[in-house]
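# Summary of the model geometry
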Amino acid sequence: MLRGNDMRRDCAARTLRLAAALVALNFAFTFESVWPTLWVQPQLALSVEAAAIVLALALVARGGRRAAMRLVGGLAALATVLAAGRYADVTITALFGRPINLYWDGRHLPEVFALVTDGRTAAIAAAGAAGLALVLAAVFVALRWSLRTIARVAVVARGTLGIASGAVVAAFVVGQAGALDTGRYFVAPVSAAYAAQARFVADALSRTAADERLAPSPAFVSRLRRLDGADVLVVFLESYGAATYDRPDYARALDAHRAALDAAARSAGRAVVSAFVRSPTFGGASWLAHASLLAGIGVDAARYDLLLTTRRPTLVRHFRDHGYDAFALMPGLRADWPEGAFYGFDAIVDSRALAYPGPEFGFWRIPDQFALARLEATALDAPARRPAFVLFPTITSHIPFQPLPPYQPDWQRLLGTDPFDADGVARSAAQPDWDRLAPAYVATIGYAYDWLTGFLQRPAARDYVLVVVGDHQPVSAVAGERAPLGSAGARDHAQSRDRGRAGGRRVPAGHRARASRPRRDARSHPRAARGVRCAAVAARARLSAPPRAARRRPLSRRRRQSGQAARASPRRRAIPAPPAGASRRPTS
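Rules and cut-offs
Residues numbered from 1 in each chain as written. Predicted model: local features only at pLDDT ≥ 70, side-chain atom pairs only at ≥ 80, totals over all residues. Heavy atoms only, no water. Phe/Tyr/Trp six-rings, centres within 6.5 Å; stacked < 30°, edge-to-face > 60°. Helix = DSSP H or I, 4+ residues; strand = E, 2+ residues; numbered from the N terminus. Buried < 20%, exposed > 50% of the residue type's maximum accessible area, 1.4 Å probe, protein only. Lys NZ or Arg CZ within 6 Å of the ring centre and 35° of its normal. Core = buried A, V, L, I, M, F, W, Y, C linked by side-chain atoms within 4.5 Å. Contact = heavy atoms within 4.5 Å. Axes fitted to C-alpha atoms, helices over the stretch in contact; angles between N-to-C directions. Parallel < 35°, antiparallel > 145°, perpendicular 65-115°, else oblique. Left-handed = near helix turned anticlockwise from the far one by under 90°. Nonpolar A, V, L, I, M, F, W, Y, C, P; charged D, E, K, R; others polar. Salt bridge = Lys/Arg side-chain N within 4 Å of Asp/Glu carboxyl O.

Attention shifts here to the packing of aromatic side chains. Remark: the centre distance and the inter-plane angle together describe each pair of aromatic rings, the angle taken between the planes. Per the counting criterion, the structure on display carries 16 aromatic pairs. Where Phe-361 meets Phe-420, the ring centres are 5.6 Å apart and the plane angle is 90°; that geometry is what we call edge-to-face. A residue pair is termed long-range when its members are at least 10 positions apart, and Phe-361 in the loop between α14 (351-354) and α15 (368-380) and Phe-420 in the loop between α16 (411-414) and α17 (422-427) qualify at 59 residues. Residue classification places Phe-361 among the buried positions, given a relative accessible area of 7%. On the numbers, 5.8 Å between centres and 40° between planes, the contact of Phe-392 with Trp-451 is tilted. With Phe-392 in strand β7 (residues 388-393) and Trp-451 in helix α18 (residues 438-457), this residue pair connects regions lying 59 residues apart in the sequence. Judged by relative accessible area, Trp-451 falls into the buried class, the value being 0%. Cluster of aromatic residues (ring-pair linked, three or more members): Phe-27, Phe-31 and Tyr-87. When the ring centre of Tyr-464 is taken as origin, the NZ or CZ atom of Arg-270, which lies over that ring, is 3.9 Å away.

This paragraph deals with the nonpolar core. In this structure, Leu-329, Val-390 and Trp-451 are the most contacted members of the largest nonpolar core, which totals 60 residues. Broken down by element, this core gets its largest block of residues, 11 residues, from α18. Those residues within four positions of Trp-451 in sequence are excluded, and the remaining contacts are Val-235, Leu-237, Asp-368, Gln-369, Leu-372, Phe-392, Thr-394, Tyr-407 and Trp-411. Counting residues in hydrophobic clusters, the runner-up holds 42 residues, among them Leu-214, Ala-291, Ala-328 and Leu-333.

Turning to the packing of α15 against α18, a few remarks are in order. For the pair α15 and α18, the least separation of the axes is 10 Å and the interaxial angle reads 25°. In terms of orientation, α15 and α18 fall into the roughly parallel class. Note on packing geometry: the crossing formed by α15 with α18 is right-handed. Along its contact with α15, which presents Asp-368, Gln-369, Leu-372 and Glu-376, the element α18 presents Tyr-447, Trp-451 and Phe-455. Residue composition of the contact of α15 with α18, grouped by class: four nonpolar, one polar and two charged.

Let's shift gears to the pattern of salt bridges. Following the criterion strictly, the structure yields 13 salt bridges and no others. When the shortest N-O distance is used, the salt bridge between Asp-231 and Arg-385 registers 2.5 Å. In this pair, Asp-231 is assigned in strand β3 (residues 231-237) and Arg-385 in the loop between α15 and β7, connecting sequence segments 154 residues apart. Neither residue differs from the other here; Asp-231 and Arg-385 are each classed as buried. For Asp-300, the salt bridge is made with Arg-303, and the minimal N-O distance between the two is 2.4 Å. On the basis of relative accessible area, Arg-303 is assigned to the partly exposed category, the value being 28%.

Right, let's talk about unusual backbone geometry for a bit. In the segment running from Ile-399 into Pro-400, the intervening peptide bond is cis, with an omega of 20°. Structurally, the position occupied by Pro-400 is in the loop between β7 and α16. The amide bond that connects Gln-402 to the next residue, Pro-403, takes the cis arrangement and shows omega of -5°. Mapped onto the elements of the fold, Pro-403 is located in the loop between β7 and α16. Within the chain, Leu-224 stands out as a residue other than glycine whose phi angle is a positive 60°. Tracing the backbone shows Leu-224 in the loop between α8 (210-213) and β3. The backbone of Ser-239 shows a phi angle near 60°, a positive value even though the residue is not glycine. Mapped onto the fold, Ser-239 is located in the loop between β3 and α9 (243-246). Take Ser-239: its relative accessible area is 3%, and that puts it in the buried class.

Structure representation (structure tokens):
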């Protein structure tokens with residue numbers, strides 16, 4: 001009798017171990033993110049990959065215990081890779097509101113790690129790398145235990161395990177064929193996501209189908225006469241999304257800042273046009289929005305690299321061909337960016353060229369207000385110069401939104417070695433709270449409104465058209481768990497003293513509005529860039545408008561052609577361009 005009890009206890013223990021092993025293996029491929037954190041939680045779903053692994057063990061177990069155990073190590077390594085892919089997929093999608101892209105996101109992993117650690121010390125980086133290795137090792141050990149447990153049972157019960165796991169695999173296959181609704185019970189296979197990433201890399205590296213996969217470029221035919229030599233400043237406001245209007249708590253917190261911006265525009269005698277725009281990206285990858293506007297075509301991740309290999313016309317080159325100096329003001333650019341030559345800027349003003357002398361604010365270091373003040377003092381205020389086209393992708397409102405620099409009403413003081421009061425810097429030194437990003441996000445958008453208001457109140461050396469465009473919605477942890485991916489994600493304002501420059505009669509009725517009250521029906525307005533509606537109401541300062549009598553004669557075709565060869569690559573002007581070097585994309 002004692003022997004029988006021992007056998008029953010041993011059988012029960014084996015059953016419990018098998019159940020635990022199966023649950024652990026299935027969990028490795030089915031967990032979901034705890035939004036908006038880095039943690040995960042289980043969900044009631046099945047993984048066809050877990051079932052396939054069990055089926056493989058059951059089939060190999062026909063050759064005996066040794067054959068099954070030899071397979072365990074390789075399957076555990078494969079399962080670890082799949083589990084890591086599952087974690088990256090659900091976490092990045094939850095936090096950033098867009099799927100992971102190994103081709104683009106993989107190369108930015110060191111920068112993301114530096115962002116999370118605030119770039120403080122190499123010891124932190126080493127500790128983080130060691131911690132990641134330990135986590136992966138722990139996952140491997142846990143999965144190997146699960147597979148060893150399953151393999152032991154498969155030797156004596158391969159028929160039962162084989163039939164059960166085979167039935168699960170068959171149900172998934174039949175469901176994929178459309179005969180059954182399996183979406184409620186199965187998660188998407190991680191291996192399919194890896195295969196999609198591999199196909200994307202192959203497509204992105206292809207150089208034979210660029211013309212087939214890129215939309216035709218628009219005709220840049222205007223002579224820009226209606227600008228009458230005015231500067232054009234295009235400010236891509238980082239993470240400035242429709243959430244600032246759609247979420248009532250955000251809108252209430254920003255009302256006073258928007259009212260001040262409206263008042264500054266009215267005091268300056270500026271007409272304002274506002275509309276919602278549609279971004280090709282969500283929560284990051286701002287360069288896709290920049291490229292879509294500047295190239296005039298919709299650009300997604302699969303087409304971005306292809307675009308940069310071409311000699312497509314760009315808005316930047318169009319302005320240069322008509323007598324403008326073109327600047328890219330990029331305080332978030334911390335390394336060389338040879339790809340920028342595609343756009344045709346005269347000077348790419350990165351963080352090194354700005355030479356910011358003040359206190360650093362987090363990973364992004366340089367306040368947006370300082371960057372604009374530096375460009376204004378060194379280039380825009382030059383007594384004798386040609387008109388300027390400026391692209392300014394801001395950085396202060398980039399995740400994690402803290403520390404936030406204080407607004408400095410004295411713009412001249414910004415350029416000195418003591419740009420802020422000590423108490424103001426101390427109040428702004430809060431570190432990011434990754435579990436509660438929304439308050440910091442609202443504060444940084446309010447800061448952007450403040451320095452835009454201050455800029456409008458400053459005297460200008462020459463008239464200008466100011467276009468403020470949101471590049472994308474903020475990350476999903478801020479925009480909301482159900483915020484639409486890549487839709488209606490950005491905001492667009494255009495301001496000019498000349499109503500014709502701000503859109504004139506070509507703007508549909510009702511689209512002229514206060515900056516704080518955009519019209520929703522503006523989303524249906526036609527756009528020059530398919531991916532981004534930034535040019536819909538004014539972002540191109542009416543490039544397609546019929547010309548009026550010009551007071552400034554445009555360059556002749558011969559002068560334009562002769563200048564193209566000399567200005568084929570960024571050169572040093574009032575602010576030097578960065579030296580050539582390793583290929584790096586501007587941080588989003």
